[in-house]
Amino acid sequence: MIPSHMQETELNRFDALAAEWDANPTRVELAGAVAAAILTHSRPERSARVLDYGAGTGLVSLQLSRHASEVVAVDSSREMLRGLESKLAASGIPNVKTCAADFEREPASLGMFDLVVSSMTLHHVRAPRPLLGRFQQILRPGGRLALADLDTEEGFFHGRPEDAFHRGFAREEVGQWLAEAGFGNISFHTAHRLTKKGSDDREREYTVFLAVAERL
Ligand SMILES: C[S@@+](CC[C@H](N)C(=O)[O-])C[C@H]1O[C@@H](n2cnc3c(N)ncnc32)[C@H](O)[C@@H]1O
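Overview of the structure. (Residues numbered from 1 in each chain as written. Predicted model: local features only at pLDDT ≥ 70, side-chain atom pairs only at ≥ 80, totals over all residues. Heavy atoms only, no water.)

1. Some details on empty space enclosed by the protein
Right, on to step 1. Enumeration according to the criterion identifies one cavity of 30 Å³ or more in this entry.
Right, on to step 2. By volume, the largest cavity amounts to about 40 Å³.
Right, on to step 3. Around the largest cavity, the lining residues are E153, G155, H158, R160, P161, A164, H166 and R167.
Right, on to step 4. Residue composition of the lining of the largest cavity, by class: two nonpolar, three polar and three charged. (1 Å grid on protein atoms, 1.4 Å probe; cavity = no way out; pocket = protein on both sides within 12 Å on 5 of 7 lines; lining within 4 Å. Points joined across faces, edges and corners; volume = space filled by probe spheres on them. Nonpolar A, V, L, I, M, F, W, Y, C, P; charged D, E, K, R; others polar.)

The following block contains the structure:
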């Protein structure tokens, strides 16, 4: 359910978090586990064109870039992408491109992809179902979608409940949305487990699923 107090400006709160994003070892570990699960379960060809939606500072994009011909890192936060661009400039990695865009507002024309991935972004998206439809449109037939997000949680994962539109997702519901959007061969995997103190200061365990689906 979308909290009614959530304002448009909240969508860009990631600009303020960008500088410190990679300094949190929990996030880095989570992104590493998600990238490994994506590679295990979607097995991209070396020639694959990959789109990472909600790429942030590129923690997942950079891992995937070693296994693909090109990774297009899309994010609505210019500052998160700036963090990725600094890393690209320092490392000389040539096959990661950045694109500031929000497909919920306006889909960018970026061509067709063999693999679309998204890690920990769907719960920040107001309406996930139309976004899955958009992913379907930019995937080649037989291409894969790999979505990592929180299994349903009680709403304590984020510092402030209003920082996310969704309290994770039920796998069954995501599976149904994927089927409705034109995906088949849908499978779910547990990509990561983490323990984190919630907004009420209590420690809880969270699981992160990876949904892999084929564009029919
Ligand atoms: C929790 S971060 C995850 C970043 C990265 N995938 C990672 O694993 O480190 C969520 C990212 O999604 C981006 N985001 C949120 N809503 C978005 C939207 N509607 N369109 C594109 N990006 C969005 C944020 O700017 C942020 O970088």
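After that view, the rundown keeps rolling.
2. Re helix α6 (residues 171–180)
Right, on to step 1. Buried residues of α6: V174, G175, W177 and L178, and no others. In a view along the axis of α6, the buried residues occupy a sector of 160°, so they form one face of it. In α6, the exposed positions angled more than 90 degrees off the buried face are occupied by E172 and E180.
Right, on to step 2. In this structure, the buried side of α6 is in contact with α5 (128–138), β5 (139–150), β6 (183–197) and β7 (203–215).
Right, on to step 3. Positioned one or two residues after α6, G182 has a phi angle of 100°, which is positive. (Buried < 20%, exposed > 50% of the residue type's maximum accessible area, 1.4 Å probe, protein only. Helix = DSSP H or I, 4+ residues; strand = E, 2+ residues; numbered from the N terminus. Arc of directions from axis to C-beta. Contact = heavy atoms within 4.5 Å.)

3. Description of the sheet that holds strand β2 (residues 70–75)
Right, on to step 1. If you trace the seven strands from one edge of the open sheet to the other, you get β3-β2-β1-β4-β5-β7-β6, paired in mixed fashion. Edge positions in the sheet fall to β3 (96–100) and β6, since each of these pairs with one other strand and no more. Each adjacent strand pair in this sheet contributes to an overall mean axis angle of 15°, direction not counted.
Right, on to step 2. Bridging between strand β1 (residues 49–53) and strand β4 (residues 113–119) involves three bridges; their strand directions are parallel. Paired with L51 across the two strands is V116, which belongs to β4. (Pairing = 2+ DSSP bridges. Axes fitted to C-alpha atoms, helices over the stretch in contact; angles between N-to-C directions.)

4. A short note on the layout of surface pockets
Right, on to step 1. Within this model, the largest pocket holds a volume of roughly 860 Å³.
Right, on to step 2. Around the largest pocket sit 39 residues that line it, and F14, W21, M120, H123 and H124 are the ones nearest its centre.
Right, on to step 3. Class assignment of the residues belonging to the lining of the largest pocket gives a composition of 17 nonpolar, 13 polar and nine charged.

5. Quick word on the side chain of S65
Right, on to step 1. With respect to the secondary-structure elements, S65 resides in helix α3 (residues 59–65).
Right, on to step 2. The class of S65 is buried, set by a relative accessible area of 6%.
Right, on to step 3. Not counting chain neighbours up to four residues away, the residues in contact with S65 comprise V71, I93, N95 and V96.

6. Things to note about the nonpolar core
Right, on to step 1. V34, I38, V50, L64, V208 and L210 are the most contacted members of the largest nonpolar core, which has 37 residues in total.
Right, on to step 2. When contributions to this core are tallied by element, the ones reaching two or more residues are α2 (25–42), α3, β2, α4 (78–91), β4, β5, β6 and β7.
Right, on to step 3. For this core, the element with the most residues is α2, which contributes seven residues.
Right, on to step 4. Not counting residues up to four positions away in its chain, the partners in contact with L64 are A35, I38, L39, V50, V71 and V117. (Core = buried A, V, L, I, M, F, W, Y, C linked by side-chain atoms within 4.5 Å.)

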